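# Residue-level structure breakdown
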Amino acid sequence: MTAVTDALEQVRSTLREVLRFDDPARWPDDELLAVTASIEAVGRVIDAHRAACAGEVDERSRVELGSERLSSRRGCRSASELIERVTQASGAEARRRITLGAATRGRVGFTGEPLEAEFPGVAAALAAGLLGADAASTIVRELDRPRRVADPVTLAAAERELIAAATGTGDGAGTPVQCAADELRVQAQAWAVFLDQDGPEPDDDRAMLRRGLRLGRARDGLIPIRGDLMPEVAAGLTRLFDAHLSPRSNTGFVTDEQAAHFDLSGEQRSTDQQRHDVLAAIIATTARSGQHPSIGGAPPTVLVSVRASDVAAGRGAGHADGVEIPVSLRAVRQLICTGGTQRVVLDDRGRIIELGSQERCFTPQQRRAITLRDGGCLIPGCSVPASWCEIHHVIPDVEGGPTHPDNGVLVCWFHHRSIDTSGWGIRMHHGVPQIRPPIWLDPGGGWRDATKSPTRIADRLERRTRHRAERRPGPAA
Ligand SMILES: [Zn+2]
């Protein structure tokens, strides 16, 4: 073995002696933190040489050496694999050390003249044990792309500033407070943008290639959705979510009367659940808009098949085109209520023997009339606007309820989906929707006219004011 490995072996046994602690659980706080910092300082020295060794292994394994590559001679496909085998580190860690080592090692020019490292400041701070591998890697990673295009003087300044921020070193009063690696990343990204004004473009190209959205395999009765959105698409979606998840106070739809009766802050859905319901409304609105490609001449609505006998008996399940798991009868009823049905009768062998016409869909004209009357989701405290609502058949079609404005009210996806279980009652009274809150919200409460339509609310306020004024005794003579 070499002198260096012998010496390191001695350091290791000395360290093991020194660090043969008594139980850390008994240390006072200050001592625990002091030892934590000291061990980190020792680790930084080691980290610097881990990176240096990895950089050298990588250099000796560069592709142009062919069969003479160090990695090839040791039966490995790459420098990274060789380091993994020698150190038992993970592939990610081996690659990180190689990147750092390569960026901080001295180079040789075309004519054999020595050149300084790509990041000389980081190299010096690493070697001095001032900078940890974490912080050093962050600086190298974030400044690597701008390094190729930026003015060298400004680049050197950026490197110096970031090292000063990471180590808390510098001159005089301008010395920054030492920052942790995460904070350093934010600063380094800001510098990267400053150094490379055209910077986001290559990122954008990469992002365009990697963008995507997919529905996963069903699990526990749900379909997972995963993907990566372009930033501006995510921004648009966030805007839609925000618009519908904003605090109730700015909806302006809720009357004093309603507010007095119900605890409107009683939102029981999590934010994630609310976002899901907003997405449901986005999908329904979009399908209804008529501005999207049709599927076989029909707007892209969900096709669900269910047996009429199951709907009548209230058991079984439906099957929606495009998903592999069955949908509940509650969901089927909602889809029928909103989207209409077409009756298809099959014989025992599956042959179609009767095909009804499509029914039970409110026409756009009916929808406009209902929107004028109801103004939005009828449930008090719900801020979903009319254009995002579904139309609910108050008396279900199977019980003879007509598809007529006198039997259709606006409710949002969530309140429609939970209408059987939420405890909210909805009925029509001489063509005017009335709601009755659940007992837990309003014990002993009765039916009340419901609307979110600003003109109808104004009407009602005016009527009540007039009524009060008439009952008030006149001024004493
Ligand atoms: Zn609602």
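Everything below is about the structure shown above.
These lines cover the structure that appears in this document, whether it is placed above or below. Each chain carries its own residue numbering, running from 1 in the written order of its sequence. With pLDDT at 70 or above as the cut-off, local features in this predicted model cover only qualifying residues; side-chain atom pairs require 80 or more to be listed or tallied, and sums for whole chains, interfaces and linings still use all residues. The basis for every side-chain value is the complete set of non-hydrogen atoms in the structure, without hydrogens or water.

## Notes on the pattern of salt bridges
Just to be clear on terms, a salt bridge is a Lys or Arg side-chain nitrogen sitting within 4 Å of an Asp or Glu carboxyl oxygen. Enumeration according to the criterion identifies 23 salt bridges in this entry. The shortest N-O distance in the salt bridge between Glu93 and Arg96 comes to 3.3 Å. Remark: Arg96 and Glu93 occur in helix α5 (residues 91–104); sequence separation between them is 3 residues, near one turn of the helix. Among the salt bridges present, the one from Asp272 reaches Arg275, with a minimum N-O distance of 2.9 Å. On the criterion of helical spacing, the pair formed by Asp272 and Arg275 is a turn pair, its members being 3 residues apart in helix α13 (residues 271–288). Only protein chains enter the accessibility calculation, which uses a 1.4 Å probe; a residue is then buried when its area is under 20% of its type maximum, exposed when over 50%, and partly exposed in between. Assessed through its relative accessible area of 54%, Asp272 is described here as exposed. Here Arg275 falls in the partly exposed class, since its relative accessible area comes to 33%. One network of salt bridges, in which partners are shared, links Glu56, Glu59, Arg60, Arg62, Glu64 and Arg105. Secondary structure elements are defined from DSSP: runs of H or I of at least 4 residues count as helices, runs of E of at least 2 residues count as strands, and each element is numbered from the N terminus.

## Remarks on helix α16 (residues 364–374)
Among the residues making up α16, those that are buried are Gln366, Arg367, Ile370, Arg373 and Asp374. Angularly, the buried residues of α16 cover 125° about the axis, an arc narrow enough to put them on a single face. Opposite the buried face of α16, by more than 90 degrees, sit the exposed residues Pro364, Gln365, Arg368 and Leu372. Of the surrounding elements, those touching the buried residues of α16 are α13, β10 (390–393), β11 (408–411), β12 (425–429), β13 (432–436) and α18 (454–471). Among the residues trailing α16, Gly375 stands out with phi positive, at a value near 75°. Note that the arc is defined by the directions from the helix axis to the C-beta atoms. The contact criterion used is simple: two residues touch if any of their non-hydrogen atoms lie within 4.5 Å.

## Some words on the coordination of the zinc ion
In this analysis a donor is any N, O or S atom within 2.8 Å of a metal ion (3.2 Å for sodium, potassium and calcium), and since water is not included, sites may seem incomplete. Within the first shell, the zinc ion binds the protein through Cys377 (SG), Cys382 (SG), Cys412 (SG) and His415 (ND1), at distances of 2.0 to 2.3 Å. One can describe the site at the zinc ion as tetrahedral: its 4 donor atoms subtend angles covering 95 to 119° at the metal. Here the donor residues of the zinc ion share one chain and are spaced in sequence as C-x4-C-x29-C-x2-H. With Cys382 in the loop between α16 and β10 and Cys412 in the loop between β11 and α17 (413–417), the pair connects residues that are 30 residues apart, well separated along the chain. Given the relative accessible area of 3%, Cys412 is considered buried. The geometry test gives tetrahedral to four donors whose angles all lie between 85 and 135 degrees, gives square planar to four donors and octahedral to six donors whose opposite members are over 155 degrees apart with all other angles between 65 and 115, and gives irregular to the rest.

## With respect to the sheet that holds strand β14 (residues 448–449)
Two strands pair if DSSP finds at least two bridges between them. Read across the open sheet, the 3 strands follow the order β12-β13-β14; overall the sheet is antiparallel. Looking at strand neighbours, the two that pair on one side only are β12 and β14, the edges of this open sheet. Sheet topology note: the β13/β14 ladder contains 2 bridges and is antiparallel. Considered in β14, the bridge of Gln434 is made with Asp449.

## Re the packing of helix α7 (residues 133–149) against helix α8 (residues 152–167)
Pairs of packed helices are described in terms of their axes, by the angle between the two and the distance that separates them. Interhelical geometry of α7 versus α8 gives an angle of 160° and a closest axis separation of 11 Å. When the axis of α7 is compared with that of α8, the two are roughly antiparallel. The chirality of how α7 crosses α8 is right-handed. Contacts between α7 and α8 pair Ala135, Ile139, Leu143 and Arg147 from the former with Leu155, Ala158, Glu159, Leu162, Ile163 and Ala166 from the latter. Residues are grouped as follows: nonpolar covers Ala, Val, Leu, Ile, Met, Phe, Trp, Tyr, Cys and Pro; charged covers Asp, Glu, Lys and Arg; every other residue, Gly included, is treated as polar. Here the contact of α7 with α8 is built from residues that sort into 8 nonpolar, no polar and 2 charged. Simply put, an axis is a line fit to the C-alpha atoms, just over the touching stretch for a helix, and the angle between two N-to-C directions goes from 0 to 180 degrees. The cut-offs work like this: below 35 degrees is roughly parallel, past 145 is roughly antiparallel, 65 to 115 is roughly perpendicular, and the gaps in between are oblique. Helix crossings are classified by the rotation of the near helix relative to the far one: an anticlockwise turn of less than a right angle makes the crossing left-handed, while a clockwise turn makes it right-handed.

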